[in-house]
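Read off the chains here:
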Amino acid sequence: MAVKTFTSATLSSADTNTYLANAGLVYISEHTLSINTQINNCFTNTYRNYRVIVNIDAHSGGAINTLVRLSSGGTPVGSSGNYYYSGAEQAYSSAGFVTYGNNGTISYWLTGRLNGNTPAQFIMDVLNPQLSTVSTFYKSQYVDQAYSGTVGGMYLANTSFDGFQVLLAGGTSMSGKVYVYGNRTA
Amino acid sequence: MSNHTITIHDAQTGETITRELTAEEIAELPEVLDVVES
């Protein structure tokens, strides 16, 4: 879509539909985050790629992880051998640069590492989740009050998903919000 | 709320329910992952 330079003080309905309604990220839904959260029917054939923003306002458990598992029809899908990821992070205190990876040994994607009981966020892009003809890929960027990192990977199988779970590995509570957006292409 | 519950949201209908995890689901809950410092 070409860049539009507006010259009139009044937007026409045609320009509104073409240039504003076709914005890249389209809001799909928002949800309350809990210790184990499942979101169904957010991946549809309307969009190919998605962005998920997770605001973790509070959690317990200290230095633990957030993980995502893909689902279909309300049921989590896949096992070890499907989920792969690698990532890197750096503490603000520059205590050390950390790298890590999972070569298909667990049935989750790592989406964030939490250093303590502080607010944390991650932004995850999910590519192709609804397509049954190609693998699903993801990338997550996460931050908290101690460090930031990035992690990404794939689901090794051509499988169609319509939802996902956000889980806290360890700890007994988590609260916040989950926002889901679709990446509109036309 | 214990860590043995799950809250399920439907992005289309807005419906939300919270239920106890089954024993099988509890067994599948992830453990804290170690990373390798380089």
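Since we're looking at a predicted model, the values are computed, not measured.

Enquirer: Describe the overall build of chain B, listing the residues and the values that go with them.
Expert: Within chain B, the regular secondary structure consists of one helix and three strands. Its helices and strands in sequence order give chain B the pattern β-β-α-β, from N to C terminus. Each of the 38 residues in chain B was classed as buried or not, and the buried ones make up 26%. Taken as a whole, chain B presents about 2,700 Å² of accessible surface, with 50% of it coming from carbon and sulfur.

Enquirer: Hey, could you go over the interface of chain A and chain B for me, with residue numbers and the actual values?
Expert: Each partner contributes to the interface: chain A provides 36 residues, whereas chain B provides 22 residues. Across the chain A/chain B interface, buried area totals approximately 2,200 Å², and carbon plus sulfur atoms make up 54% of it. Sorting the residues of chain A by area buried against chain B places N36, Q38 and N41 of chain A first, and these three jointly supply 21% of that buried surface. Seen at the junction of chain A and chain B, the total is one salt bridge. Between E28 of chain B and R69 of chain A there is a salt bridge whose closest N-O contact spans 3.1 Å.

Enquirer: A description of the environment of T111 of chain A should follow, citing residues and the corresponding values.
Expert: All names here are of chain A. Mapped onto the elements, T111 comes out in strand β8 (residues 109-114). Relative accessible area serves as the criterion here: at 0%, T111 is assigned to the buried category. For the pair T111 and T150, spaced 39 residues apart in sequence, the C-alpha to C-alpha distance is 8.3 Å. When residues no more than four places from it in sequence are discounted, the contact partners of T111 are T66, L67, V68, F122, M124, Y138, S140, Y142 and V151.

Enquirer: Describe the pattern of salt bridges, and please don't skip the residues or the numbers.
Expert: Per the counting criterion, the structure on display carries six salt bridges over all chains. E25 of chain B is paired through a salt bridge with R19 of chain B; the nearest N and O atoms lie 2.8 Å apart. What makes E25 of chain B partly exposed here is its relative accessible area of 23%. For R19 of chain B, a relative accessible area of 30% puts it in the partly exposed group. Three or more residues are tied together by salt bridges with common partners; here these are R51, D125 and K139 of chain A.

Enquirer: Outline the packing of aromatic side chains, supporting the account with residue identities and numerical values.
Expert: Residue and element names in this part refer to chain A. If you walk through the whole model with that rule in mind, you get nine aromatic pairs over all chains. Seen in terms of ring centroids, Y85 and Y100 are 6.4 Å apart; in terms of plane orientation they differ by 65°. Their pairing is edge-to-face. With Y85 in strand β6 (residues 83-91) and Y100 in strand β7 (residues 97-103), the pair connects residues that are 15 residues apart, well separated along the chain. Centre to centre, the rings of W109 and Y138 are 4.1 Å apart; their planes meet at 15°, and the pair counts as stacked.

Enquirer: Hey, could you go over the nonpolar core for me, with residue numbers and the actual values?
Expert: Residue and element names in this part refer to chain A. Counting residues in hydrophobic clusters, the biggest one holds 43 residues, and the most contacted among them are F43, I56, L70, F164 and V178. With five residues, strand β12 (residues 163-169) is the largest single contributor of residues to this core. Dropping the residues within four chain positions of it, L70 is found in contact with F43, T75, P76, V77, Y83, W109, T136, Y155, F161, G163 and F164.

Enquirer: Outline the side chain of D10 of chain B, listing residues and values.
Expert: Take D10 of chain B: it is sitting in strand β1 (residues 5-10). R19 of chain B is the oppositely charged side chain nearest to the buried, salt-bridge-free D10 of chain B, at an N-O distance of 13 Å. Of the polar contacts made by the side chain of D10 of chain B, one reaches the backbone nitrogen of Q12 of chain B; its length is 2.8 Å. Setting aside its immediate chain neighbours within four residues, D10 of chain B contacts H31, N40 and N41 of chain A together with E15 of chain B.

Rules used throughout
Residues numbered from 1 in each chain as written. Chains lettered and ligands numbered in written order. Predicted model: local features only at pLDDT ≥ 70, side-chain atom pairs only at ≥ 80, totals over all residues. Heavy atoms only, no water. Helix = DSSP H or I, 4+ residues; strand = E, 2+ residues; numbered from the N terminus. Buried < 20%, exposed > 50% of the residue type's maximum accessible area, 1.4 Å probe, protein only. Areas by Shrake-Rupley, 256 points an atom, 1.4 Å probe, with all protein chains shown as cover. Contact = heavy atoms within 4.5 Å. Buried area = accessible area lost by both parts, 1.4 Å probe. Salt bridge = Lys/Arg side-chain N within 4 Å of Asp/Glu carboxyl O. Phe/Tyr/Trp six-rings, centres within 6.5 Å; stacked < 30°, edge-to-face > 60°. Core = buried A, V, L, I, M, F, W, Y, C linked by side-chain atoms within 4.5 Å. Lys, Arg positive; Asp, Glu negative; His and termini not counted. Polar contact = N/O pair within 3.5 Å; in protein donor to acceptor, adjacent residues only side chain to side chain.

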